[in-house]
Amino acid sequence: QLLPELRQHVPERAAPPPHEPSAARFRLFDAVTEFLRRASERRPLLVVVDDLHAADAPSLLLLRYLARQLRASRILVVAAARDVDPLPGAALADALTELAREPVTRRISLAGLSESDVARYVERTAPSITSSALIAALHQETGGNALFVGEFVRLLVADGEGGRRPVALTIPLSVREVIGHRLARLSDACRRTLVLASVLGREFAIDALAQVAALSEDAQLDVIDEALAARVLSDVPGAPGRLRFAHVLIRDTLYDGVSAARRPQLHRRALAALEDLYRHNPDPHLSELAHHALEGGRAVAGKAIMYAVRAARRAASQSAYEEAARLYAAALSLLESSGGHDDDRSCELLLSLGDALSRSGSEASARQTFRRAAALAEQTHRPDQLAGAALGYGGRFVWGRAAIDPALVPLLERALEAVGPDDSPGRVRLLARLAAARRDDASRTRRVRLVEEAVAMARRLDDPISLAYALDGYASAVGGPDHIAEGIAAAEELIALAQQIGDKERAYVAQDYRLHAFWKLGDRAGIDEAIEALTRLADELRQPAQRWHAAAAWTALALMEGRFARAEDRISEARELGQAALGWNAAVSHRLQLFVLRREQGRLAEVEELIRESVLEYPALPRFRCALAHVYGERGRQGDAHAIVEDLLAPGRGRDHVDDEWLFGMSLLADPCARLGDEGPAEGLYELLLPYARLYAEAPIEAAFGSVARALGVLATRLGRFDLGERHFVVALATEDRMGAVPWLAHARHDFASMLVARGRAGDAAKAARLRDQASRTYRELGMGSWAQRAAALAPAVAVSPRRVRPRRS
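1. Quick look at the packing of aromatic side chains
Phase 1: One pass over the full model with this rule turns up 10 aromatic pairs.
Phase 2: Each ring, one from Phe397 and one from Trp399, has its centre 4.5 Å from the other, and the planes form 10°; the classification is stacked. Grouping residues by exposure puts Phe397 and Trp399 together as buried.
Phase 3: Its end group placed over the ring of Tyr393, Arg367 keeps NZ or CZ at 5.0 Å from the ring centre.
Phase 4: Positioned above the aromatic ring of Tyr686 is the side chain of Arg721, whose terminal nitrogen or guanidinium carbon lies 5.4 Å from the ring centre.

2. Some thoughts on a negative patch on the surface
Phase 1: Taken together, Glu217, Asp218, Asp222 and Asp225 make up a surface patch of like negative charges.
Phase 2: The residue Asp218 is located in helix α11 (residues 217-229) in this model.

3. Here we look at the sheet that holds strand β3 (residues 203-205)
Phase 1: Reading across the sheet, the three strands line up as β3-β5-β4 and stay open at both edges, with antiparallel pairing between neighbours. Looking at which strands have only one partner, the edges of the open sheet turn out to be β3 and β4 (233-235). Across the sheet, the mean angle separating the axes of adjacent strands is 35° when strand polarity is ignored.

4. Some words on the confidence of the model for the chain
Phase 1: The predicted model of the chain has a mean per-residue pLDDT of 88, with 91% of residues at 70 or higher.
Phase 2: Of the regions scoring below 50 in pLDDT, residues 168-173 engages in 11 contacts with residues more than four places distant in sequence or in other chains.

5. Here we look at the packing of helix α21 (residues 425-437) against helix α23 (residues 464-477)
Phase 1: Put simply, α21 and α23 touch, their axes get as near as 8 Å, and they point 15° apart. If you check the angle between α21 and α23, you find them roughly parallel. The handedness of the crossing between α21 and α23 is left-handed. Of the residues in α23, those touching α21 at Pro425, Val428, Arg429, Ala432, Arg433, Ala435 and Ala436 are Ile465, Ser466, Tyr469, Ala470, Gly473, Ser476 and Ala477.
Phase 2: Each residue belonging to the contact of α21 with α23 can be placed in one class, and the counts come to nine nonpolar, three polar and two charged.

6. Observations concerning unusual backbone geometry
Phase 1: The backbone of Arg231 shows a phi angle near 60°, a positive value even though the residue is not glycine.
Phase 2: Inspection of the secondary structure puts Arg231 in the loop between α11 and β4.
Phase 3: A positive phi angle is found at His657, which is not glycine, with a value near 55°.
Phase 4: By the secondary structure assignment, His657 is in the loop between α32 (638-648) and α33 (662-668).

7. Re the nonpolar core
Phase 1: Leu194, Trp519 and Leu669 are the most contacted members of the largest nonpolar core, which has 218 residues in total.
Phase 2: In terms of residues, this core owes the most to one element, helix α27 (residues 544-561), which gives 12 residues.
Phase 3: Apart from the residues within four sequence positions on either side, Leu194 is in contact with Leu183, Leu186, Ala227, Val232, Leu233, Phe245 and Leu254.

8. Notes on the pattern of salt bridges
Phase 1: For the structure on display, the rule yields 68 salt bridges.
Phase 2: Linking Glu378 and Arg414 is a salt bridge whose minimum nitrogen-to-oxygen distance equals 2.9 Å. Here Arg414 lies in helix α20 (residues 408-419) and Glu378 lies in helix α18 (residues 363-379), a separation of 36 residues in the sequence.
Phase 3: On the accessibility criterion, Glu378 (33% relative accessible area) is partly exposed.
Phase 4: Residue Arg414 is classed as partly exposed on the basis of its relative accessible area of 39%.
Phase 5: Residues Arg427 and Glu453 are paired through a salt bridge, measuring 3.6 Å at the closest nitrogen-oxygen approach. Of this pair, Arg427 sits in helix α21 while Glu453 sits in helix α22 (residues 445-461), and the two are 26 residues apart along the sequence.
Phase 6: The exposure class of Glu453 is partly exposed, given its relative accessible area of 29%.

What counts and what doesn't
Residues numbered from 1 in each chain as written. Predicted model: local features only at pLDDT ≥ 70, side-chain atom pairs only at ≥ 80, totals over all residues. Heavy atoms only, no water. Phe/Tyr/Trp six-rings, centres within 6.5 Å; stacked < 30°, edge-to-face > 60°. Buried < 20%, exposed > 50% of the residue type's maximum accessible area, 1.4 Å probe, protein only. Lys NZ or Arg CZ within 6 Å of the ring centre and 35° of its normal. Patch = residues over 30% accessible without salt bridge, like charges linked within 9 Å, V, L, I, M, F, W, Y side chains within 5 Å. Areas by Shrake-Rupley, 256 points an atom, 1.4 Å probe, with all protein chains shown as cover. Salt bridge = Lys/Arg side-chain N within 4 Å of Asp/Glu carboxyl O. Lys, Arg positive; Asp, Glu negative; His and termini not counted. Charge placed at Lys NZ, Arg CZ, Asp CG, Glu CD. Helix = DSSP H or I, 4+ residues; strand = E, 2+ residues; numbered from the N terminus. Pairing = 2+ DSSP bridges. Axes fitted to C-alpha atoms, helices over the stretch in contact; angles between N-to-C directions. pLDDT = per-residue confidence, 0-100. Contact = heavy atoms within 4.5 Å. Parallel < 35°, antiparallel > 145°, perpendicular 65-115°, else oblique. Left-handed = near helix turned anticlockwise from the far one by under 90°. Nonpolar A, V, L, I, M, F, W, Y, C, P; charged D, E, K, R; others polar. Core = buried A, V, L, I, M, F, W, Y, C linked by side-chain atoms within 4.5 Å.

This is the structure we're talking about:
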C-alpha cells in the first residue's frame, strides 16, 4: 500500500544502482526514513530489515539514526542478523552495541527450531519424506537451524529418495556442504558459469555475465534457465536484466571454491568485460570497476588505484564518506605495496583519506591519517600538503581549539612557516585556524591580530573561498560579549559568501555564530530561526560533526525551557552522536549540560565528582572551575567555593579568557559570591558583569545560565544595593519571559522575592509573597521539588541580611 507513495516521494531513487551500495543506498535510506516518519503519523508501521549482517557502514549508521527517532513514532523495526557463520564484522558489532543502548531497543537471541517445529515444517513443505526417525535425525544434527533444515529438506526432495534414506546417514554439519550437494546436481556448464557469476557478486547484470562467460546467447539462456529452475538464481524485483543468487551463502560457496591463485585472473576478466560494457558511461559503475581492479592483482594495480580514487570521489560527493574512506585506504595500501615510492601521490591519498574519515565522524582515525600526511609532507618539503594536513588535523570546525590536542598549534605554526609570508589561500586558512585555536590564551590580542591579517589577505586576493574561511576564523577568534555586533556582521557576510561558493559547511558555521549572538542578545525569534537553519543544514551535510552540533544546540534549548525529561534524553543522544566525530567537544558539552540539568533538578551531588575531575582534565577551560565553585556554594562548602572564586577574580585576572564562554562562566559565580561572608568577590564580580546587564549568559553548544540581569540582581542584593537590584530583576523577568526560559523566570522571581524580603519596605512583603508563590508554582510544574521547598521557606525569614547598605549606583 505504501510503495506507490514511496516511489512518488523518491522517484529517482526508487531503484538505486546495485553497484553503488553506499552512495545510492545512503540517499535512498535517508529519504525512506523521512517518508516512514511521516507515514507513521497516519498509521502504525512495521519495517523488517533482513540480512543486517550484510549491510554496509552507512546503512548501519542510518539504522542507528532511525532507532533514535522511534520513541516518538509509531514505527516498529525488526532487524534480523546472523551472529554465526560468518561472525559479525566490526561495523555490525559496533552498530549492535550502539543500538542496544537505545531505550526502545530489545535484543532477542533466537534459538533453533524445536523438534515439533521441524516436524511441522517438513510436514508442510515435504510430506512425502516425513518420518519420525528422519525428524529426530534432522533436529539432532542441525540443532534446529532453520537454514540447515530447509536446505537439507530440499536436497532430500531433489534426490527423490528422502523417505527411503537411512536415518543413520550423517546429516551435513555445514550449510555449505548442503549447498555443495545442491550445486552438484547442476550441469558442468551451469556450475562453471555460476562460478563466474559469483566473481561478479551477489547480484549481477545478465549482460555482464555474458561478457565474462563468453557464451552464445542460447547457451547462456540454457544455463540461466537451469539455475533459475534449481532456485540457485532468482530475478531481481523491479530490475529487468539483473539476477541474484537466491542466498548469499550460495554465492559465497561458489566463490570460496575458486583457488586464491585463480581469483585475480577471473577478476581481471570481469574487469575487462565490464569496462567494455560500461565504456559509454562508467561513472555509475565506478565502485564495481574498482572492486574488480583491486582484486585483480599487481597486473592491474595502476587501474585499481585510478578506479578506487575515482569511485572514492564519487562516493564522497554523494555523502557516502565511509565508502570513500574505504576506497581511498585501498588505493593507498595498493600504492604503498606496489613499491613505486610515489611520496607525493601517497601524501595526496592520505589527505583525501583523512578528509573522508573526518567527514564520516571518525575523528581519531582522521587525526592519525593527517599526522602521517604531515610527516610525509615535511619529509618531502611540500608546504601545500603540510598546510592541508594541518588544517585537516584541526577537525571539521575552524573553531577547534588548542586544548583539543596539544599538537594542533605547533603543527599549524610549522605549516604557516612553511608556506611563507606571501599572500596565498593556504596562508589565509592557516592564520584563521591558528587564531581560533589560540582561544585558550588568556589574552585575545594575538589571535585577533592573526585573524585580522587573514581577513585582510583574503580581501587582497579577492578570493571568496579564502575570505569565507577567514571570516569563519574571525567570528570564532573575536567572539565575546564585547564584540557581538562584529560577530553578526561577519556571520552575515559569511552566509552570502557560502551561498556564492556553494559551501554548506561555511553556511552552517555562519548560522552557528548567528545563533549564539542572538542567544546572548536575548533574541528568541533569532534563536529559533538560526537553530532551524542549523538543523536543515546538518541534515543536508549528513556529517556526524554537524549532526552532533545541532543536537547539542537543541539540548541547550530544552534545558533553558525547562523540558528536563527531553533534555536528559537529548544529552545522551548528543553525546553518542559526538563521541566519534568530536570526542573532546562532545565530552565538554555533555558534562556542562549535565551540570545545568542536575542543578535544576536539585541533584548537584551526583555531578560534583565529575566537575572536579573536569577541572583537572580541562585546565584551559575556566568555566569548569566556575561550575565547581557553584557546586560548592550550593552544597554549603563556602570555604572551598571562596578559594576558587578568589583565585578567578583576583586583581587583573577577571578579564582573562574573555571569549564566547566567558559570560556563562562568570554568571555561575554570582550565587556562590552572594553566600560568601566576604563582600569583596561580590563587589568585583558585579563590576565585571555590569556592562553586560542586558545580555544572556550562554556558552555555545553547551548551555545557558539565565540573564546576566538576574546574576546582577543577586549580587546587588548581597551588597545591599536594593534599588539597583530591583531594576536588575525587572529586566531579568522581562528577559526570561521573552526567551521562554521557564525555570529561569522562576529563579528570577525567587531571587527578586528574596531581595524584597531583605529590603523590607512597605509593600515589599506582599510583592515578595506573590513572586514567591509564582516561583513555587512553576517549580512544582517543572518537577523542581527542591527549588519549590527553598521558595516556600523564604518568608518570613530574611534570605540575605547585609551588614550595611551601600550608596546607590547609577
